[in-house]
Amino acid sequence: MKEFALMMIGAALVNNVILARFLGLCSFMGVTTRIDTAAGMGLATTFVITVSSMADWAVQHYLLDAYGLGFLRTVTFILVIASAGAIHRADHQESFAQPVPDAGHLPAADHHQLRRARRRPAAGRGPHELPRATLFGFASSVGYSLVMVIFAGLRERLALAQVPRLFAGPPIGFIVASLLAMAFMGFSGISTG
Amino acid sequence: MGLGFTIALTAIGAVREISGNGTLFADASLLLGPPSRSIELRLLPADTGVLMMILPPGGFLVTGLLVVVKRLLDLRIAGKEIQMAPGSTRPDRLTTMPRPCRDRRHRPRGACRRRDGLARAGTDHEPAAAARRPRVAAGYRDRDRHGRQPQSPDGASPRQPAAFASANAWWSVSIDRALIKASLTAYALPLATALTAGGSPKGRTPATSSTMAAMAGGPWPSASWLRASGAPAGLARRTGTALPAPRRAGPSKPCGTKESVA
């Protein structure tokens with residue numbers, strides 16, 4: 001239990017996928033203009049990453065390892081992630097009858113990048129690795145959602161601030177992201193085992 | 001588009017590597033093979049880099065600053081300059097306006113006919129189209145063709161452009177520009193000369209002490225290079241004009257006596 005807790009803290013805060021690994025930067029700069037869209041993107045990513053973690057583990061364990069097809073792992077994982085995104089989008093449209101403009105559109109590249117961040121736990125062998133892979137994917141996407149919401153809040157404040165014209169928009173966003181990354185570097189002192 | 005992406009990534013990587021590690025294309029031979037070993041450069045002494053630049057915050061920071069540099073270059077190429085918004089009194093609300101007297105594409109006919117910089121909208125030197133422009137934007141046509149502020153007719157002080165709503169706004173922007181120029185002069189120029197002076201004797205005398213001595217004499221790179229390379233001492237020895245080097249006085253010899261020196 002303690003091992004799982006430390007792994008989740010490490011995945012969400014210490015090795016944050018955006019601020020420590022430079023993954024998912026497209027949505028980080030593109031969807032964080034408003035808090036609600038950023039939160040929607042975070043929830044959608046959490047769902048897709050968690051579901052695809054379990055599906056990827058099953059594919060890895062029962063298909064790729066069983067038949068010696070390890071060299072097809074990346075291609076197969078992309079297919080699984082894209083399928084999970086499509087399922088989420090179809091389910092969202094059916095349930096709410098109208099799509100959320102940004103959060104409903106899940107770029108598969110971002111999820112594949114986030115998927116790369118948890119390749120090591122997901123690649124574990126044996127049935128006992130399933131909860132570990134699932135929790136690691138869940139914690140990574142929770143860290144992603146946390147940074148997205150924080151950064152969206154900062155950008156909403158920045159939209160009202162007086163900044164030099166040359167720095168308006170993405171440049172001041174990148175500089176604020178730099179400060180946020182410095183703040184998250186403070187979590188590096190946490191020992192996660 | 002791929003080429004632009006490559007250039008942008010190379011620029012970001014170069015800035016981060018130089019400022020963070022002091023090298024450029026370090027270990028490029030591992031990627032491109034032994035012939036590319038010649039492009040591996042060390043531009044700063046070891047252990048002098050800024051650690052933050054090679055960590056994730058440095059990546060975000062350099063990316064944001066390079067976007068600003070790109071915007072600045074685009075404005076320069078388009079012949080525009082950063083100016084105050086019409087009617088604004090806040091120096092930090094900047095906008096872009098055409099630079100009329102420098103770029104022919106944006107120059108109205110006859111707008112810069114007078115070289116003394118006193119042509120104003122609505123005068124007989126301006127065409128009718130220029131006269132219909134807002135009065136607040138006319139102040140920047142007061143600049144001469146070299147972009148300088150004109151002097152007042154009595155030559156006492158530069159005239160306040162009409163684009164600024166108040167004298168305070170004009171003075172604050174003028175002070176800002178002066179501070180930028182002063183900081184560039186006080187920081188970037190000595191830094192560049194120090195780096196140049198520090199790198200010059202590196203090839204001849206690879207000792208770290210000579211490099212540090214040369215960098216200490218940053219404002220005088222050539223003199224510091226000569227000092228670090230030992231040329232003045234050798235010249236003085238050959239010509240017999242070398243002064244005796246001062247030495248610390250011994251415990252039995254008081255300072256200031258003839259025996260305590262040389």
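Since this is a predicted model, take the numbers as computed values, not measurements.

Observations concerning the overall build of chain A
Then comes step 1: Across its full length, chain A carries eight helices and zero strands.
Then comes step 2: The N-to-C order of helical and strand elements in chain A reads α-α-α-α-α-α-α-α.
Then comes step 3: Relative to its 193 residues, chain A shows a buried fraction of 45%.
Then comes step 4: Within chain A, contacts between residues at least 6 apart in sequence are counted, and of these 79% link residues at least 24 apart.
Then comes step 5: Roughly 9600 Å² of accessible area belongs to chain A as shown, and the carbon and sulfur atoms make up 66% of that amount.

Considering the overall build of chain B
Then comes step 1: For chain B, the helix and strand inventory stands at eight helices and four strands.
Then comes step 2: Listed N to C, the secondary structure of chain B is α-β-α-β-α-β-β-α-α-α-α-α in terms of helices and strands.
Then comes step 3: Put simply, chain B has 262 residues, and 29% of those count as buried.
Then comes step 4: Considering only intrachain contacts with a sequence separation of at least 6, the fraction spanning at least 24 residues in chain B is 39%.
Then comes step 5: Carbon and sulfur atoms form 63% of the exposed surface of chain B, whose accessible area is close to 17100 Å².

A closer look at the packing of aromatic side chains
Then comes step 1: This model, assessed by the stated rule, comprises five aromatic pairs over all chains.
Then comes step 2: For the pair F22 of chain A and F60 of chain B, a centre-to-centre distance of 5.1 Å together with 55° between the ring planes defines the contact as tilted. Of this pair, F22 of chain A sits in the loop between helix 1 (2–14) and helix 2 (25–30) while F60 of chain B sits in helix 3 (residues 56–77), on two different chains.
Then comes step 3: Overall, F60 of chain B belongs to the buried group, its relative accessible area being 2%.
Then comes step 4: Seen from their ring centres, W57 of chain A and Y62 of chain A are 5.9 Å apart, and the 90° between their planes marks the pair as edge-to-face.
Then comes step 5: Exposure remark for Y62 of chain A: the relative accessible area of 54% places this residue in the exposed category.

Some remarks on the confidence of the model for chain A
Residue and element names in this part refer to chain A.
Then comes step 1: The predicted model of chain A has a mean per-residue pLDDT of 81, with 79% of residues at 70 or higher.
Then comes step 2: Helix 8 (residues 170–184) holds the highest mean pLDDT among the elements of chain A, 92, whereas helix 6 (residues 119–122) holds the lowest, 48.
Then comes step 3: Throughout residues 97–109 the model reports pLDDT below 50, and contacts reaching past four residues in sequence, or to other chains, amount to 26 contacts.
Then comes step 4: Taken together, the stretch residues 118–123 has pLDDT below 50 and engages in 17 contacts with residues farther than four places along the chain or on a different chain.

Describing the layout of surface pockets
Where empty space is left becomes clear once a probe the size of a water molecule has been rolled over the atoms.
Then comes step 1: By volume, the second largest pocket is sized at about 740 Å³.
Then comes step 2: Residue lining of the second largest pocket: 22 residues in total, with F174 of chain A together with F5, L9, I12 and T63 of chain B positioned closest to the centre.
Then comes step 3: When contributions to the lining of the second largest pocket are tallied by element, the ones reaching two or more residues are helix 2 of chain A together with helix 1 (2–21) and helix 3 of chain B.
Then comes step 4: Looking at which element gives the most residues to the lining of the second largest pocket, the answer is helix 3 of chain B, with eight residues.
Then comes step 5: Taken together, the residues of the lining of the second largest pocket sort by class into 16 nonpolar, four polar and two charged.

Reading guide: rules and limits
Residues numbered from 1 in each chain as written. Chains lettered and ligands numbered in written order. Predicted model: local features only at pLDDT ≥ 70, side-chain atom pairs only at ≥ 80, totals over all residues. Heavy atoms only, no water. Helix = DSSP H or I, 4+ residues; strand = E, 2+ residues; numbered from the N terminus. Buried < 20%, exposed > 50% of the residue type's maximum accessible area, 1.4 Å probe, protein only. Contact = heavy atoms within 4.5 Å. Areas by Shrake-Rupley, 256 points an atom, 1.4 Å probe, with all protein chains shown as cover. Phe/Tyr/Trp six-rings, centres within 6.5 Å; stacked < 30°, edge-to-face > 60°. pLDDT = per-residue confidence, 0-100. 1 Å grid on protein atoms, 1.4 Å probe; cavity = no way out; pocket = protein on both sides within 12 Å on 5 of 7 lines; lining within 4 Å. Points joined across faces, edges and corners; volume = space filled by probe spheres on them. Nonpolar A, V, L, I, M, F, W, Y, C, P; charged D, E, K, R; others polar.

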